[in-house]
Amino acid sequence: TRRSSDLVERPSAVVKELVENCLDAGASKISIELEDGGKKLIRVVDNGFGIAKEDLVLAVMQHATSKIATAEDLFAVNTMGFRGEALASIAAVSHFTITSRMEGQEAYKLQVNGGIVGETEPASAPVGTIIEARNLFFNTPVRLKFLKTDSTELGKVNEIVSCIALANPEIGFQLTHNGKNIFLLPPYQTMADRIHQLLPLNLT
């Protein structure tokens, strides 16, 4: 049987899961910040509808999800995945922090270190969700050893985010690595503009 944590094979897999959650949250802007190819830090920020305080712990529990509220929802699934399954997998192999705020509510954060869940605490944040996964595979050194160079891991993240951005030209994306901008895509682009910005043609 495949374990939940096996969903997380490298930084690009973490980014894919987190960005898809941003899309499910109705975000119009998504920022992805990496350090050392994502090994040291993956930080994903969105301006979606956020997560309620009482759902933060649920969101990081294995085989749980905050995306289904009633039994009827099982027959009308229109999300890209189950937030809890992805977040539980990531939180099991990193120093993990989730900070979220819903419209009209206060912000709260929750820390999980290697799968050990802390207490929900008040925080300061805009509406949306901020997720940080630091020191990926700190507690599973064998997995860490099999990661490639920073540039290779960054390339894999760039490829995944670019594909998602091409499929969602109405959403703004920013990708940075070690403080350097890889790309900054404004929201509400036409498909032609999005393609041109991500895949510029060399006409010279």
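Residues numbered from 1 in each chain as written. Predicted model: local features only at pLDDT ≥ 70, side-chain atom pairs only at ≥ 80, totals over all residues. Heavy atoms only, no water.

1. Some words on the nonpolar core
Side chains of a nonpolar character, in soluble globular proteins, are inclined to be buried together. Test applied: Joining through side-chain atoms within 4.5 Å is the link that ties buried Ala, Val, Leu, Ile, Met, Phe, Trp, Tyr and Cys residues into a set, and such a set is a nonpolar core. Think of it in three bands: residues with accessible area under 20% of the maximum for their type are buried, residues over 50% are exposed, and the middle band is partly exposed, with areas taken using a 1.4 Å probe on protein chains only. Here a strand is any run of E in DSSP of at least two residues, a helix any run of H or I of at least four, and the numbering for each starts at the N terminus. Here, two residues are considered to be in contact whenever any of their heavy atoms come within 4.5 Å of each other.
Judged by nonpolar contacts, the single largest core of 42 residues is most densely connected at Ile30, Ile32, Phe96 and Phe173. No other element matches helix 1 (residues 11–24), which puts six residues into this core. Not counting the four nearest positions on each side in its chain, Ile30 is found in contact with Val19, Cys22, Leu23, Val44, Val45, Asp46, Ile171, Gly172, Phe173 and Gln174.

2. Here we look at the pairing of strand 7 (residues 128–134)
Formally: Pairing between two strands requires that DSSP report at least two bridges joining them.
Most of strand 7 sits inside the fold, with six of its seven residues counted as buried. When strand 2 (residues 41–46) meets strand 7, the two strands line up antiparallel, connected through six bridges. Across the sheet, residue Asp46 finds its bridge partner in strand 7, namely Thr129. Judged from the seven bridges that link them, strand 3 (residues 95–101) and strand 7 form a sheet pairing that is antiparallel. Opposite Ile98, over in strand 7, you have Ile131 as the bridge partner.

3. Let's talk about the side chain of Arg194
Note the threshold: Counting rule applied: Lys, Arg positive; Asp, Glu negative; His and chain ends not counted. What counts as a salt bridge is simple: a side-chain nitrogen of Lys or Arg found within 4 Å of a carboxyl oxygen of Asp or Glu. Two N or O atoms count as a polar contact when they lie within 3.5 Å, although within protein this holds only if one can serve as hydrogen donor and the other as acceptor, and sequence-adjacent residues are included solely when both atoms are side-chain atoms.
Within the fold, Arg194 resides in helix 6 (residues 191–198). Within the buried core, Arg194 has no salt-bridge partner, and the shortest N-O distance to an opposite charge, that of Glu170, equals 6.7 Å. Here the side chain of Arg194 touches Ala165 through a polar contact of 2.8 Å, landing on its backbone oxygen. If we ignore the near neighbours within four places in the chain, the residues touching Arg194 are Ala165, Leu166, Asn168, Pro169, Ile171, Gly172, Phe173, Leu185, Pro186 and Gln189.

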